[in-house]
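Residues per chain are reported as follows:
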Amino acid sequence: MGQFASYSRRGAVGFITVDNPPVNALSIGVRKGIVECLTEAAADAEAKAVVLICAGRTFIAGADITEFNRPLEEPDLNAVIAALEDCPKPVIAAIHGTALGGGLETALGCHYRCAAPSAQVGLPEVKLGIIPGAGGTQRLPRVAGVKAALEIITSGDPIPAAKAHALGIVDEVIDEKLDGAAAFAEKVIAEGRPCLRIRDLDDRLADAKSNPGMFDEFRKAVAQSKRGFEAPQHGINAVEAAVNLPFDKGLEREREIFGEALFSTQSFAQRHIFFAERQVTKIPDIPKDQATLPIKSAAVIGAGTMGGGIAMNFANAGIPVVLIDSTQELLDKGLGIIKKNYAGTVAKGKLTQEKMDQRMGLITPALGYDTIKNVDIVVEAVFEEMDIKREVFKKLDAACKPEAILATNTSTLDVNEIASSTSRPEKVIGLHFFSPANVMKLLEIVRAAKTSKETLATALALAKTIKKVGVVVGVCDGFVGNRMVAGYVREAMFLLEEGATPQQVDKALYDFGFPMGPLQMSDLAGLDIGWRIRKRQAATRPKDERYCEIGDKLCEQGRYGQKTGAGFYKYEPGNRTPIPDPEVEALCVAESKAKGIARRAISDEEIVKRCVYPLINEGARILDEGIALRAGDIDIIYIYGYGFPVFRGGPMFCADSAGIDAVYKDICAFHAEHGKLWEPAPLLERMAKEGKTFTMG
Ligand code: NAD
């Protein structure tokens, strides 16, 4: 027995109660406990059936993933499941909360399953780059059918109890956890139901046996929907083995595939991201019990591209928000776009009209600051001009209650300077949303010199409330994400001068796993944004620094990207598909000629290194300067803000998996060839010499 599981009995029903807070993870203590309790239950002459149930808020929520990197202690989960299957009395899993991964596999090892209506079940292993490794891929198709099993295993998404019941994964939906499970167990006893082992059921495999082509069809679909990910494909192979091999052979095949996946770079990358995401909220000098301010009302200044999206975030979370702009016309325009956005979601069936009306009702347009005296937070999203921002903050400082937090959505400006225009710099913080602000999950939380711990902790809590991944960063030009991306886009343009076409550059990075390449991304964001920044920097740019004029020349022709129907590509009206443009290729050739650069064939490998390594190099500087707290934070920023492929673990993890020494040497070679923009970051050099890594300890 022990502390992780205990045996008890009520009438004819024995109960094995797992108790391993907080989520009853399947650590070694739980595995041993279940096996020991099963022996006790089998020996208990009064017990005619056994219920496996969990204390606390959930059934076994999954494996103990901290055990992944250690040698496994016996019994492993397969042995626990074998013990459940071999129990001479019917064993019933009583599911509440979530039964995920190993939790569902354990339940599938029981002879029957009952679940609370609010329970969810699933096999989320693909999200860690692996597949279920304790029979999940062999047992699930035998109860749910092959198609449903493929969907559950390749998506990793949980399904609710009602659906699990309809699919046959759960035998009965029960109301009250303990009494409901006992009643179901008594029914099993009364009806004399047998010890039904899923491994012995083959009926639901029949469809797939007669239609073997379904696996290839599924592979093709998943190759698109989960582009670049290996684990979903492994999952399909394992389910195919369930159909084609006898159960024990299928189990062996699953084990082999699981082992292969577990030690793959992709799985290490995905596990790194899983842990990094849980780390981001941990700020070394902010205690866990740091008091935060309640955010019950908000205001957004500026009803433009960003302001509208930011206001939607508050409304979506049920927080009333005042939206302010300088004229009624601009307010109407901003609200019109918000309305159109919500209506689009309603049309797709993802939001009810009633919810849309509720949300619109939470957004109050206003022209002056009179109505925001009592709001808890203001997010400023006006034009990117320091003088305008200082003026707005001065007015906000005078208009808002002293406790209110004043946040700025600036992308590049100095948050310390903005804070200094108020009498409450401790209440000023950067909340850097990404466009479209109602969609993108990333929120850079910019901690300025005087930002208080309370303000920072409140911003982190707010990020969670509005369902963003908040990452704390320091003040510098561009913060973490945009500061790093400058080198990524810069090299993409240099490659155009050296011999590549926009479509070749973009395809190499798309194939690497980005949703789109840097030039297509620039077209989407608007080329005028970078143009304006470059014009501002022109006066201070060293004369001997390499500079590509292609982006500027496109803007001079009015080619601002998608919004003007042309940029690095052409676009048909109303269509976002980029069309390669011979005029742009001619411009690239002319620029090479003007600069005296001999155009050459450039490999995809070089394109990827030239664009991704500046991210790593600048990331190393950012870490050295303390602008980001951890390499994992940078990786999270890149995954949620820029679509960096999750299966590559973010730029810093990528450096580790390629080998810091190798990356450093390549950067040195680029430095020798392309000049000082490639100067290796001192931290990278130190790490290469000391054999250290960013993310692997
Ligand atoms: P935008 O031009 O679309 O919107 C700015 C809005 O602010 C306009 O509606 C304008 O009328 C209003 N405004 C200007 N001065 C005002 C004032 N004094 N009082 C009230 N309203 C005023 O610009 P945007 O793209 O939404 O950018 C806003 C801010 O967000 C900028 O600081 C920008 O750097 C930052 N940002 C932009 C993006 C992006 O991708 N567009 C991403 C992150 C951050």
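First things first, this report covers the structure right here in the doc. Only a predicted model underlies this, so the values are computations on that prediction, with no experimental measurement involved. (Residues numbered from 1 in each chain as written. Predicted model: local features only at pLDDT ≥ 70, side-chain atom pairs only at ≥ 80, totals over all residues. Heavy atoms only, no water.)

Topic: the overall build of the protein chain
Piece 1. Check the secondary structure of the protein chain and you find 29 helices and 17 strands.
Piece 2. Scaling as 2.2 N^0.38, a compact globule of 697 residues should have a C-alpha radius of gyration of about 26 Å, and the protein chain matches this with 29 Å.
Piece 3. Projected onto the principal axes, the alpha-carbon positions of the protein chain cover approximately 90 × 60 × 50 Å.
Piece 4. Out of the 697 residues belonging to the protein chain, those deemed buried represent 54%.
Piece 5. Sequence-distant contacts, at least 24 apart, represent 73% of the contacts inside the protein chain between residues at least 6 apart.
Piece 6. As presented, the protein chain carries roughly 29,700 Å² of accessible surface, and 55% of it is formed by carbon and sulfur atoms.
Piece 7. Considering the protein chain, the positive charge centre built from 84 side chains and the negative charge centre built from 91 side chains are found 2 Å apart. (Helix = DSSP H or I, 4+ residues; strand = E, 2+ residues; numbered from the N terminus. Rg over C-alpha atoms; globule rule 2.2 N^0.38 Å. Buried < 20%, exposed > 50% of the residue type's maximum accessible area, 1.4 Å probe, protein only. Contact = heavy atoms within 4.5 Å. Areas by Shrake-Rupley, 256 points an atom, 1.4 Å probe, with all protein chains shown as cover. Lys, Arg positive; Asp, Glu negative; His and termini not counted. Charge placed at Lys NZ, Arg CZ, Asp CG, Glu CD.)

Considering helix 19 (residues 481–498)
Piece 1. The end-to-end C-alpha separation of helix 19 is 26 Å, in line with the 26 Å expected for 18 residues at 1.5 Å each.
Piece 2. G499 sits one or two residues past helix 19 and shows a positive phi near 145°. (Expected span 1.5 Å × (residues − 1).)

Structural notes on the pairing of strand 1 (residues 5–10)
For a regular strand, side chains alternate in direction, first toward one face of the sheet and then toward the other.
Piece 1. Bridge count between strand 1 and strand 2 (residues 13–18): 6 bridges; the pairing is antiparallel. Looking at strand 2, one finds that S8 is bridged to F15. (Pairing = 2+ DSSP bridges.)

Concerning the site of the ligand
Piece 1. Contacts to the ligand come from 21 residues, most closely from M306, D325, E384, K389 and S411.
Piece 2. A distance of 3.3 Å separates an oxygen atom of the ligand from a polar atom in the backbone of V382.
Piece 3. The side chain of E384 places a nitrogen or oxygen atom 2.5 Å from an oxygen atom of the ligand.
Piece 4. Notes on the ligand: free accessible area 830 Å², of which the protein chains cover 79%. (Near = heavy atom within 4 Å. Polar contact = N/O pair within 3.5 Å; in protein donor to acceptor, adjacent residues only side chain to side chain.)

So, the packing of helix 19 against helix 26 (residues 631–642)
Piece 1. Running from amino to carboxyl end, helix 19 crosses helix 26 at an angle of 75°, the nearest separation of the two axes being 10 Å. The orientation of helix 19 relative to helix 26 falls into the category roughly perpendicular. Contacts between helix 19 and helix 26 involve G481, N482, M484 and V485 from the former and I634, I637, Y638 and Y642 from the latter.
Piece 2. Each residue belonging to the contact of helix 19 with helix 26 can be placed in one class, and the counts come to 6 nonpolar, 2 polar and no charged. (Axes fitted to C-alpha atoms, helices over the stretch in contact; angles between N-to-C directions. Parallel < 35°, antiparallel > 145°, perpendicular 65-115°, else oblique. Nonpolar A, V, L, I, M, F, W, Y, C, P; charged D, E, K, R; others polar.)

With respect to the sheet that holds strand 11 (residues 321–324)
Piece 1. Strand order across the open sheet formed by 8 strands is 12-11-10-13-14-15-16-17, with mixed pairing between neighbours. A strand with exactly one partner marks an edge of an open sheet, and here the two such strands are strand 12 (363–366) and strand 17 (469–474). Across the sheet, the mean angle separating the axes of adjacent strands is 25° when strand polarity is ignored.
Piece 2. This element, helix 26, spans strand 16 (442–447) and strand 17 of the sheet and lies at about 125° to strand 17.

Some thoughts on empty space enclosed by the protein
The probe, sized like a water molecule, is rolled over the atoms to show the empty space still left.
Piece 1. This structure, assessed with the given rule, holds 1 cavity of 30 Å³ or more.
Piece 2. There is about 40 Å³ of room inside the largest cavity.
Piece 3. Sorting the residues of the lining of the largest cavity by element identifies helix 19 and helix 26 as the ones contributing at least two each.
Piece 4. Among the residues making up the lining of the largest cavity, the classes are represented as 7 nonpolar, no polar and no charged. (1 Å grid on protein atoms, 1.4 Å probe; cavity = no way out; pocket = protein on both sides within 12 Å on 5 of 7 lines; lining within 4 Å. Points joined across faces, edges and corners; volume = space filled by probe spheres on them.)

Structural notes on the environment of A79
Piece 1. Looking at the element boundaries, A79 is found in helix 2 (residues 77–86).
Piece 2. Note on A79: relative accessible area 33%, which makes it partly exposed.
Piece 3. Taking the C-alpha atoms as reference points, A79 and R31, 48 residues apart in sequence, are found 8.8 Å from one another.

Description of the nonpolar core
Piece 1. Membership of the largest hydrophobic core comes to 99 residues, with the highest contact counts inside it found for I372 and F694.
Piece 2. Ranked by the residues each element gives to this core, the list is headed by helix 25 (residues 604–624), at 10 residues.
Piece 3. In contact with F694, other than residues within four places in its own chain, are I616, A620, L623, A631, M652, A655, D656, I660, L683, L684 and M687.
Piece 4. I95, A144, I153 and I198 belong to the second largest nonpolar core, which has 59 residues in total. (Core = buried A, V, L, I, M, F, W, Y, C linked by side-chain atoms within 4.5 Å.)

A word on unusual backbone geometry
Piece 1. Residue P21 is joined to P22 through a cis peptide bond whose omega torsion reads 0°.
Piece 2. In this structure, P22 sits in the loop between strand 2 and helix 1 (28–43).
Piece 3. In this structure, P75 follows E74 across a cis peptide bond, with omega equal to -5°.
Piece 4. Examined against the element boundaries, P75 turns out to sit in the loop between strand 3 (49–54) and helix 2.
Piece 5. The phi torsion at N24 lies on the positive side, around 55°, for a residue other than glycine.

Points about the packing of aromatic side chains
Aromatic ring pairs are described here by two measures, namely the spacing of the ring centres and the angle between the planes.
Piece 1. Scanning all chains against the criterion turns up 11 aromatic pairs.
Piece 2. An angle of 80° between the planes, with centres 5.0 Å apart, marks the rings of F229 and F647 as edge-to-face. On the criterion of sequence distance, the pair formed by F229 in the loop between helix 9 (213–225) and helix 10 (231–244) and F647 in the loop between helix 26 and helix 27 (651–658) is long-range, its members being 418 residues apart.
Piece 3. Given a relative accessible area of 24%, F229 falls into the partly exposed group.
Piece 4. The structure contains a cluster of three or more aromatic residues connected by ring pairs, namely Y488, F512, F514 and F644.
Piece 5. Against the face of F274 rests R278, its NZ or CZ located 3.7 Å from the ring centre. (Phe/Tyr/Trp six-rings, centres within 6.5 Å; stacked < 30°, edge-to-face > 60°. Lys NZ or Arg CZ within 6 Å of the ring centre and 35° of its normal.)

Examining the packing of helix 12 (residues 265–279) against helix 26
Piece 1. Viewed as axis vectors pointing N to C, helix 12 and helix 26 meet at an angle of 105°, and their least axial separation amounts to 9 Å. Between helix 12 and helix 26, the angle is such that the two are roughly perpendicular. Within the contact between the two elements, helix 12 uses H272, I273, A276 and E277 and helix 26 uses G632, D635, I636, I639 and Y640.
Piece 2. Of the residues belonging to the contact of helix 12 with helix 26, the class tally is 5 nonpolar, 2 polar and 2 charged.

Focus on the pattern of salt bridges
Piece 1. What the rule picks out here adds up to 52 salt bridges.
Piece 2. Measuring nitrogen to oxygen at the nearest pair gives 3.0 Å for the salt bridge that ties E497 to R546. Of the two residues, E497 is situated in helix 19 and R546 in the loop between helix 22 (527–537) and helix 23 (550–556); the sequence distance between them amounts to 49 residues.
Piece 3. Owing to a relative accessible area of 23%, R546 belongs among the partly exposed residues under this scheme.
Piece 4. The network of salt bridges with shared partners includes R490, E491, E497, E498, R546, K595, R600, E606 and R610. (Salt bridge = Lys/Arg side-chain N within 4 Å of Asp/Glu carboxyl O.)

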